[in-house]
Number of protein chains: 2
Amino acid sequence: MALGEFDLIGKYFTRPARRAVLGVGDDCALIAPNPGQQLAVSCDMLVEGRHFLPTVAPQRLGHKALAVNLSDLAACGARPLAFTLALAMPRVDEPFLAGLAQGLFALADAHEIELIGGDTTAGPLNLCITVFGEVPPGQALRRDGARPGDALWVSHPVGGGLGDARLALEVFRGRVALPGDAFDTVRRAMECPQPRVVLGLALRGLATAAIDLSDGLAGDLGHVLARSGVGARLVADALPASPVLAAQPLALRRECLLAGGDDYELLFTAPAGAQAAVQAAAAQAGVAVSCIGRIEAEPGLRVVDAEGRALADAPAGFDHFRD
Amino acid sequence: MALGEFDLIGKYFTRPARRAVLGVGDDCALIAPNPGQQLAVSCDMLVEGRHFLPTVAPQRLGHKALAVNLSDLAACGARPLAFTLALAMPRVDEPFLAGLAQGLFALADAHEIELIGGDTTAGPLNLCITVFGEVPPGQALRRDGARPGDALWVSHPVGGGLGDARLALEVFRGRVALPGDAFDTVRRAMECPQPRVVLGLALRGLATAAIDLSDGLAGDLGHVLARSGVGARLVADALPASPVLAAQPLALRRECLLAGGDDYELLFTAPAGAQAAVQAAAAQAGVAVSCIGRIEAEPGLRVVDAEGRALADAPAGFDHFRD
């Protein structure tokens, strides 16, 4: 007989509670927030065919489902504490579950957080994770703090850039062909994003606004501009690109960089004079950062090339109901 | 053009934050737990065709999605604070969204809680809610506190009982026929469960263990017995039934009562001498409670009739991957 609902929770998703007062297995989990801290909460749902392809390895799917949620905590400068997982799947598939749990818990262990509860049910494959983190009052990075004159920054891998995940998607879609090792590299960017949690913590008190890049740089920057009531000048040629993406034609490169989606890097603003402090924060986090433009008082996003000429048809962000 | 992802969040799911420090619209929500309180967290995912039928009115679906989560807080004796909603749906359907939001917020307002964040995406219809509540340290109702000699109680509507939701499901399945008004009554039980939040709060310090009935009495009781390391004698004829269910044949009645699922009542244990206090708690909450058996040291569940004779073939609980 196939494993039942409660057996599979016990076998794959129950580990002893370390920090939680009460973990998996009761009606609720109980956690005791540290005194004086605020609780940061975020929630992301991943649907097959939209957020991941059926070809993804279960380990990578487990990693990614948690990574995209940790990325939201990073964008708030919150320290991760715990998470819940709700999982719908068509049938009990033990190799899938074992791989999923392995990828999920490897990333959870790397951030010293634990799974405190959740739900499992039959249904079309769907993973919904809610993460909890903590942040001292007034220190959370928000979207609404960008001010005219601030420098605009983006994080990226050392020696790498934005847009690789989108390039990988275009390979899967058959629009682009890449040699095997180049494909492996960009596929890893798509399937194994690294949440910038340490950078987010280091940017507390330094960044004036922050957001994580999930729907494409242009669209996500638009959220910051709208919430902050400002505009921005973005230098398209300053956007960091990996060697693989840099070898692509200009139009594709710009599309991947500006409207890629699934980057899970931090886009943030900081006072113009804070360049050395921003670089120090990035070094502490082991990531690179690039200054890609500046915040201006005039509303709207102006995308320019290296000579300051406006790009007429800059791509927009990703919308789950339109793209 | 159809409403996009961010437009629909703005139109249907964004209301001003009242208690949260930061509500919908940033990477994370921020909440400030009351000093000294523990945080209770629960998460339930609802899938079309499994947790609700395509025929359900959107208002009732919105109500139910939140109600089943509040029911978990009730079973812990936690006071509800806030919730997140992740929603996958095949396409943007504005009448559906308007109804869903109406049912959701009506119940949220009744419990003075707010939606602090979430996610929306295209995909097969799926609603995942995570709720947060608070409870003083050491006062949460848990599954592991039942002791031999405790009385076993269940809550139910005044003049009603358990099993109506299952009876409604059997009507939808074509196995049972009911007159229109009787069907409306049991359909309401299935689609509009009332979470026993006030009762859960009143049972703090009184109940020794508690669980909410979601997968059927026999199965859910089994979780309490296993976690508490005890057994129970359950008097099948003491189980409260509505007039509609009481008019059904014995075998169907027992199946609905013992293995119904979707009851969202509280099953709890309390010291044998606490009967008056339990009744007072129920009166305070405006619900009825019935004593339906007792906890025994011998492991296992013994279902008996009014004369104490064992029922040979008592139905088991519901499993989402088996039923």
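Basis of the calculations
Residues numbered from 1 in each chain as written. Chains lettered and ligands numbered in written order. Predicted model: local features only at pLDDT ≥ 70, side-chain atom pairs only at ≥ 80, totals over all residues. Pairing = 2+ DSSP bridges. Helix = DSSP H or I, 4+ residues; strand = E, 2+ residues; numbered from the N terminus. Axes fitted to C-alpha atoms, helices over the stretch in contact; angles between N-to-C directions. Contact = placed C-beta atoms within 7 Å. Least-squares fit on C-alpha atoms with pLDDT ≥ 70 in both. Nonpolar A, V, L, I, M, F, W, Y, C, P; charged D, E, K, R; others polar. Parallel < 35°, antiparallel > 145°, perpendicular 65-115°, else oblique. Left-handed = near helix turned anticlockwise from the far one by under 90°. pLDDT = per-residue confidence, 0-100. Domains from an automatic or database assignment.

**Considerations on the sheet that holds strand β3 (residues 79–89) of chain B**
Backbone hydrogen bonds are what pair the strands of a sheet, in a parallel or an antiparallel way.
Then, in step 1: Spatially, the 5 strands line up as an open sheet ordered β1(A)-β2(B)-β5(B)-β3(B)-β4(B), and their pairing is mixed. Both outer strands of the open sheet, β1 (29–31) of chain A together with β4 (114–122) of chain B, are each paired with one neighbouring strand and no more. Across the sheet, the axes of successive neighbouring strands diverge by a mean angle of 20°, strand direction being ignored.
Then, in step 2: Where β1(A) and strand β2 (residues 38–47) of chain B come together, 3 bridges link them in antiparallel fashion. When the sheet's bridge partners are listed, A:Ile31 is paired in β2(B) with B:Leu39.
Then, in step 3: Against the sheet, helix α2 (residues 58–76) of chain B engages β2, β3 and β5 (126–135) of chain B, with an angle of about 30° to β5(B).

**Quick notes on the relation of the copies chain A and chain B**
Mapping between the two copies of the chain is achieved by a rotation about an axis and a shift along the axis.
Then, in step 1: At an RMSD of 0.0 Å, chain A and chain B line up after a rotation of 180° and a shift of 0.0 Å along the axis. Read as a symmetry element, the transformation amounts to a two-fold axis.
Then, in step 2: Both copies share a contact surface, since 100% of the interface residues of chain A are interface residues in chain B too.

**Some thoughts on the interface of chain A and chain B**
Note: interface size is frequently given as the accessible area lost on complex formation between the parts.
Then, in step 1: Residue-level contacts link 54 residues of chain A with 54 residues of chain B.
Then, in step 2: Sorting the residues of the side of chain A that touches chain B by element identifies β1, β2 (38–47), α2 (58–76), β3 (79–89), β4 (114–122), β5 (126–135) and β7 (209–212) of chain A as the ones contributing at least two each.
Then, in step 3: Grouping the constituent residues of the side of chain A that touches chain B by class yields 30 nonpolar, 12 polar and 12 charged.

**Some details on the packing of helix α4 (residues 164–172) of chain B against helix α5 (residues 180–191) of chain B**
All names here are of chain B.
Then, in step 1: Where α4 contacts α5, the axes come no closer than 7 Å and their chain directions differ by 115°. Relative to α5, the element α4 is oriented roughly perpendicular. Every pair of crossing elements has a handedness; the one defined by α4 and α5 is left-handed. The residues of α5 that touch α4, namely those facing Asp164, Ala165, Leu167, Ala168, Leu169 and Val171, are Phe183, Val186, Arg187, Ala189 and Met190.
Then, in step 2: Taken together, the residues of the contact of α4 with α5 sort by class into 9 nonpolar, no polar and 2 charged.

**Description of the confidence of the model for chain A**
All names here are of chain A.
Then, in step 1: Chain-level statistics for chain A give a pLDDT mean of 90 and a share of 92% at 70 or above.
Then, in step 2: Least confident of the elements in chain A is helix α1 (residues 5–12), whose mean pLDDT is 71; most confident is strand β6 (residues 151–156), at 98.
Then, in step 3: Here the complex is predicted with pTM 0.88, and the ipTM for its interfaces comes to 0.85.

**A closer look at the packing of α2(B) against helix α3 (residues 94–110) of chain B**
Residues and elements named next belong to chain B.
Then, in step 1: Across the interface, α2 lies against α3 with an axial gap of 6 Å and an inter-helix angle of 40°. Classed by the angle they form, the pair α2 and α3 counts as oblique. Where α2 crosses over α3, the handedness of that crossing is right-handed. For the pair formed by α2 and α3, the contact residues are Pro58, Gln59, Arg60, Leu61, Gly62, His63, Ala65, Leu66 and Ala67 on the first element and Phe96, Gly99, Leu100, Ala101, Gln102, Gly103, Leu104, Ala106, Leu107 and Ala108 on the second.
Then, in step 2: Here the contact of α2 with α3 is built from residues that sort into 12 nonpolar, 6 polar and 1 charged.

**Let's talk about the sheet that holds strand β9 (residues 266–270) of chain B**
Residue and element names in this part refer to chain B.
Then, in step 1: Spatially, β7-β9-β6-β10-β8-β11 is the arrangement adopted by the 6 strands of the open sheet, whose pairing is mixed. Since the sheet does not close on itself, it has two edges, and those belong to β7 (209–212) and β11 (300–304), each with one partner. In this sheet, adjacent strand axes meet at a mean angle of 25° when their direction is disregarded.
Then, in step 2: With 4 bridges joining them, β7 and β9 adopt antiparallel strand pairing. If you follow Asp212 over to β9, its bridge partner there is Leu266.
Then, in step 3: Along the sheet, helix α7 (residues 217–228) contacts β7, β8 (231–235), β9 and β11; its crossing angle with β7, the most-contacted strand, is approximately 145°.

**As for the domain arrangement of chain A**
Residue and element names in this part refer to chain A.
Then, in step 1: Per the domain assignment, the segments making up chain A are domain 1 (5–135) and domain 2 (151–304).
Then, in step 2: Placing a centre on the C-alpha atoms of domain 1 and another on those of domain 2 gives a separation of 26 Å.
Then, in step 3: The interface is formed by 18 residues belonging to domain 1 together with 19 residues belonging to domain 2.
Then, in step 4: The set of elements that each furnish at least two residues to the side of domain 1 that touches domain 2 consists of α2 and β3.
Then, in step 5: Broken down by element, the residue count for the side of domain 1 that touches domain 2 peaks at 12 residues, all from α2.
Then, in step 6: Considering only residue class, the side of domain 1 that touches domain 2 consists of 10 nonpolar, 4 polar and 4 charged.

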